[in-house]
Amino acid sequence: MKNLMFILFVLITCSLYSQEFCVATYNVRNQNSWDSINGNAWSQRCPYICEQINFEQPAVFGSQEVLHGQLMDMLKLLKDYDYIGVGRDDGVQGGEYSPILYNTNKVEKLDGGWFWLNTTPDKPIKGWDAACIRICTWGRFKDKLTGRIFCFFTLHMDHVGVIARRESALLIVEKVKEIAKNDPAIVTGDFNVDQNNEIYSIFTNSGILNDSYDVARQKFAPNGTFNSFDPSLKTLSRIDHIFVSPTIEILNYAIMTNTYWTCTNTAMDKQGNDAPTEISLNNCQQRCPSDHWPVFVRLKL
């Protein structure tokens, strides 16, 4: 009997300490009038973005290009989530956020903050040759099931400044070392460089981070991560990445290319080929929830 109890204890302990969970990165595209004119209004995109997140249930995910109103809209639909983050322009609510959203049922926030991607990281100013002020948000979390502690970072590197991207990458690697110390780290975001760019290699050659795509046991990546709001476009470039400490085991990696449809009142019903007569089909327009596809990763600490 004692032996049986010991075996059960070992099995339960092993199960707890190998618990897997999901993290993600999602550039949701800022809310602007031009997108609305072109049929990609935030009001119609937001519910689909949040439905996907609620379905996948990441413990933590990073987002980019999120204006304050968009963040409030998302939190209304993401009932289990809280956030860390500020507007990049003033450190309060001005400009885009790169927020960390975390599931309060799954993880506990122990600490958090942000720094700007420039030569004075405590101040909201442009860095180097950047076109915009850029920010990185970080949090230290405890997995409520296992008690394991990890650090999570999310950012949006500049889309114009090559020097800014290079220097930002070097700064981020140093900040990960400084903030995470001996805790495993997850670094997510829109890096605006793909897997073939020399700036990308600053992360993968750092000795402290792997690309989750490279080390995943199983991959589902039917496309790259940028779509320009056109679901018919295909690319091999991945500019949205999830980098992880070498001690983190990546089980599954996925670029999720889910779309939605907008239909007009004048859409005509049609019958499908070799389909039951009860099924009617409409000609509608296929749309992307954002101009980026999200990346979801399932991992073990």
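Rules and cut-offs
- Residues numbered from 1 in each chain as written.
- Predicted model: local features only at pLDDT ≥ 70, side-chain atom pairs only at ≥ 80, totals over all residues.
- Heavy atoms only, no water.
- pLDDT = per-residue confidence, 0-100.
- Helix = DSSP H or I, 4+ residues; strand = E, 2+ residues; numbered from the N terminus.
- Contact = heavy atoms within 4.5 Å.
- Pairing = 2+ DSSP bridges.
- Axes fitted to C-alpha atoms, helices over the stretch in contact; angles between N-to-C directions.
- Phe/Tyr/Trp six-rings, centres within 6.5 Å; stacked < 30°, edge-to-face > 60°.
- Buried < 20%, exposed > 50% of the residue type's maximum accessible area, 1.4 Å probe, protein only.
- Right-handed = clockwise from strand over helix to strand, strands pointing away.

Draft legend 1. Just the confidence of the model for the protein, in detail. The predicted model of the protein has a mean per-residue pLDDT of 93, with 91% of residues at 70 or higher. For the protein, the element scoring lowest by mean pLDDT is helix α1 (residues 2-17), at 50; strand β11 (residues 240-244) scores highest, at 99. In the model, residues 7-16 has pLDDT below 50 throughout and makes two contacts with residues more than four positions away in sequence or in other chains.

Draft legend 2. Seen up close, the sheet that holds strand β4 (residues 100-103). Spatial strand order, β3-β4-β2-β1-β17-β12-β10: seven strands in an open sheet with mixed pairing. Of all strands in the sheet, those bounded by a partner on one side alone are β3 (81-84) and β10 (218-220). Each neighbouring strand pair of the sheet contributes to a mean axis angle of 20°, computed without reference to strand direction. Pairing geometry for strand β1 (residues 20-27) and strand β17 (residues 295-300), over six bridges, is antiparallel.

Draft legend 3. Examining the packing of aromatic side chains more closely. Taken as a whole and judged by the stated rule, the model has ten aromatic pairs. Seen from their ring centres, F61 and Y81 are 5.8 Å apart, and the 75° between their planes marks the pair as edge-to-face. Here the residue F61 occupies a position in strand β2 (residues 60-64), and Y81 occupies one in strand β3, the gap between them amounting to 20 residues. Judged by its relative accessible area of 1%, F61 falls in the buried class. Judged by its relative accessible area of 7%, Y81 is buried. With centroids separated by 5.1 Å and ring planes inclined at 80°, the aromatic side chains of F191 and F203 adopt a geometry described as edge-to-face. In this pair, F191 is assigned in the loop between β8 (185-190) and α6 (200-204) and F203 in helix α6, connecting sequence segments twelve residues apart.

Draft legend 4. Spotlight on the pairing of strand β7 (residues 149-156). β7 sits mainly inside the fold: seven of its eight residues count as buried. Two elements, strand β6 (residues 135-143) and β7, share seven bridges in a ladder whose sense is antiparallel. Bridging from a neighbouring strand, F141 pairs with F150 of β7. By the bridge criterion, six bridges tie β7 to β8 in an arrangement that is parallel. Within β8, the position partnered with F152 by the bridge is I186. Handedness of the crossover joining β7 and β8 through helix α5 (residues 162-180): right-handed.

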